[in-house]
Amino acid sequence: MISDPYDTSNRFLWGLSSEVDFLNHGSFGACPKAVLDRQMALREMMEMDPVEFIDNVGRGLWSEALSRLSDFLNADPHGLAFVSNATTGVNTVLMSLELDPGDKILVTDTTYQACRNAVDAVVQRSGCEVTVARIPLPVDDEEEILEAILNAVDSRTRLALIDTISSPTGIRMPFERLVRGLQDLGVDVLLDAAHGPGLVPLDIDVLNAAYVTGNCHKWLCTPKGSAFLHVREDRRFVRPLVISHGATLPESMGSRFRLEFDWTGTLDPTPWMCIPAAIDHLASMSPRGWGGIMERNRNLALKARSHIISEVGLQPVCSEDFVTSMAAFIIPGESFFPDEDPLHRRLLERHGIQVPVQGWPPHNRRYLRISAHLYNSIDQYERLAEALKSELRS
Ligand SMILES: Cc1ncc(COP(=O)(O)O)c(C=O)c1O
């Protein structure tokens, strides 16, 4: 059980290297050993009789995982589908839309590049257009974000791709108000909750976004390849990227949406089947379950952030209200390195600290972003501050 930011007792529950201060949960998550053990047990069960597993036993595990995830997200299970990652969720929605030349898709200047690329591919094919809303930075008033995005809408805007938490800046977007505001203007929202479940409370039913995709392999700590797409009832014309048996199975077996998304060809279903184990295992580490985890991690990120601001003098990208369990800072100096930012490599090789430092061309800036999860403790960020002081001096 953990609650204080100095507690390091959870670290051994993950297989993270003891040589490295791992401060980048945000990129690819990190899966605890017990959840990986569960995955291995499921894989062994599957390989004892793959046919029996896929045709029979696995179906129950699949339904259980869907049901636990829909409870966790308060989402209609009939509209919830498993996908391998949020990028796939975004592509799935975009590929299902019929867009006309002149239609517009709204993104922001902090939209994750892979998702922006997916938008651009659809734009090229359909002849529609992209509108980019510029998020003012540093930000300390959510009205500025709302204004920037809502003012970018016009009568041709068909879809808005909105993040829960932006990747380069770690800023928690006022996504609940954005979904409401945009949809009141007649614009469907595709909510990119890649950083969603386990990081911020998500109530998909109340949000009522046309589409929500999110990762379980980040903050829920499932094995990698575990994500979801939720489609609101009136938009369930959405089809998976891979068309398979579900297209011709009789509807007496289930809705077309269910049949198509639940079988997209032979694959390893264990990352999704580990969702219940991940939810329960992590919840058992905090006296107040997931509410306690999110609060503890945010408090640690805030404490770390204050320490870095006061010790290193870095400028944060937003006020505290926008911080979740990630926080970003502006790193002075040249912002574009075609391959890898040298500061990232130096922090890893000289100081044993894994933390992202990346240029963000739309802002002509580079950002360093810290993450905090249950295996982190404040001493790790204190070491980061010392390392930054020496690296930024040289
Ligand atoms: C905002 C955002 N969207 C999408 C993604 C893509 O996630 P994945 O690689 O799991 O598809 C990320 C990954 O960090 C992200 O931060």
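Residues numbered from 1 in each chain as written. Predicted model: local features only at pLDDT ≥ 70, side-chain atom pairs only at ≥ 80, totals over all residues. Heavy atoms only, no water.

Undergrad: Hey, could you run me through the sheet that holds strand S9 (residues 315–316) in this one?
TA: Sheets are built from strands paired through backbone hydrogen bonds, the pairs being either parallel or antiparallel. Strand order across the open sheet formed by four strands is S9-S10-S13-S12, with antiparallel pairing between neighbours. On the outer flanks of this sheet lie S9 and strand S12 (357–360), each paired with one strand and no other. The pairing of strand S10 (residues 326–331) with strand S13 (residues 365–371) spans six bridges and is classified as antiparallel. Of the residues in S13, the one forming a bridge with Ala327 is Ile370. Against the sheet, helix H13 (residues 342–351) contacts S10, S12 and S13, and its axis sits at roughly 175° relative to S12. (Pairing = 2+ DSSP bridges. Helix = DSSP H or I, 4+ residues; strand = E, 2+ residues; numbered from the N terminus. Contact = heavy atoms within 4.5 Å. Axes fitted to C-alpha atoms, helices over the stretch in contact; angles between N-to-C directions.)

Undergrad: Please explain the environment of Met95 as it appears in this structure.
TA: Note on placement: Met95 falls in helix H4 (residues 86–96). Between the C-alpha atom of Met95 and that of Pro240, which follows or precedes it by 145 residues, the distance is 8.8 Å. In this structure Met95 touches Val122, Arg125 and Leu241, once residues within four positions along its chain are discounted.

Undergrad: Looking at this model, I keep getting lost on the environment of Gly196. Mind explaining?
TA: Within the element layout of this structure, Gly196 appears in the loop between strand S6 (188–193) and helix H8 (204–207). Through-space distance from the C-alpha of Gly196 to that of Ile165 is 7.4 Å; in sequence the pair is 31 residues apart. Apart from residues lying up to four places away in sequence, Gly196 is in contact with Thr164 and Leu202.

Undergrad: Would you explain a nonpolar patch on the surface in this entry?
TA: Together, Met95, Leu241 and Val242 line one region of the surface with nonpolar side chains, adding up to about 260 Å² of accessible area. Structurally, Leu241 can be placed in the loop between strand S8 (227–231) and helix H9 (256–261). (Patch = residues over 30% accessible without salt bridge, like charges linked within 9 Å, V, L, I, M, F, W, Y side chains within 5 Å. Areas by Shrake-Rupley, 256 points an atom, 1.4 Å probe, with all protein chains shown as cover. Salt bridge = Lys/Arg side-chain N within 4 Å of Asp/Glu carboxyl O.)

Undergrad: It is not clear to me how the nonpolar core should be interpreted in this structure. Could you clarify?
TA: Among soluble globular proteins, nonpolar side chains are generally buried collectively. Counting residues in hydrophobic clusters, the biggest one holds 99 residues, and the most contacted among them are Ile149, Leu182, Leu368, Ile370 and Leu384. Looking at which element gives the most residues to this core, the answer is helix H12 (residues 289–312), with nine residues. Once residues within four sequence positions are removed from consideration, Leu368 is found in contact with Ala327, Ala328, Phe329, Ile331, Leu347, Val355, Pro356, Val357, Leu384 and Leu388. Residues Ala81, Val83, Cys128 and Leu161 belong to the second largest nonpolar core, which totals 26 residues. (Core = buried A, V, L, I, M, F, W, Y, C linked by side-chain atoms within 4.5 Å. Buried < 20%, exposed > 50% of the residue type's maximum accessible area, 1.4 Å probe, protein only.)

Undergrad: What am I meant to see in unusual backbone geometry here?
TA: What you tend to see is this: most non-glycine residues have negative phi, and most peptide bonds are trans. Cis rather than trans, the peptide bond between Leu137 and Pro138 has omega equal to -10°. With a phi close to 45°, Asn74 is a non-glycine residue in the positive phi region. Mapped onto the elements, Asn74 comes out in the loop between helix H3 (50–73) and strand S2 (80–83). Positive phi, close to 65°, is recorded for Cys221, a residue that is not glycine.

Undergrad: Is there a simple way to explain the pairing of strand S7 (residues 211–215) in this structure?
TA: Summarising burial for S7: five of the five residues are buried, a large majority. By the alternation rule, side chains of S7 split into Tyr211, Thr213 and Asn215 and Val212 and Gly214, which are all buried. Alignment of S6 against S7, held across four bridges, turns out to be parallel. Across the sheet, the residue bridging to Leu191 is Val212, located in S7.

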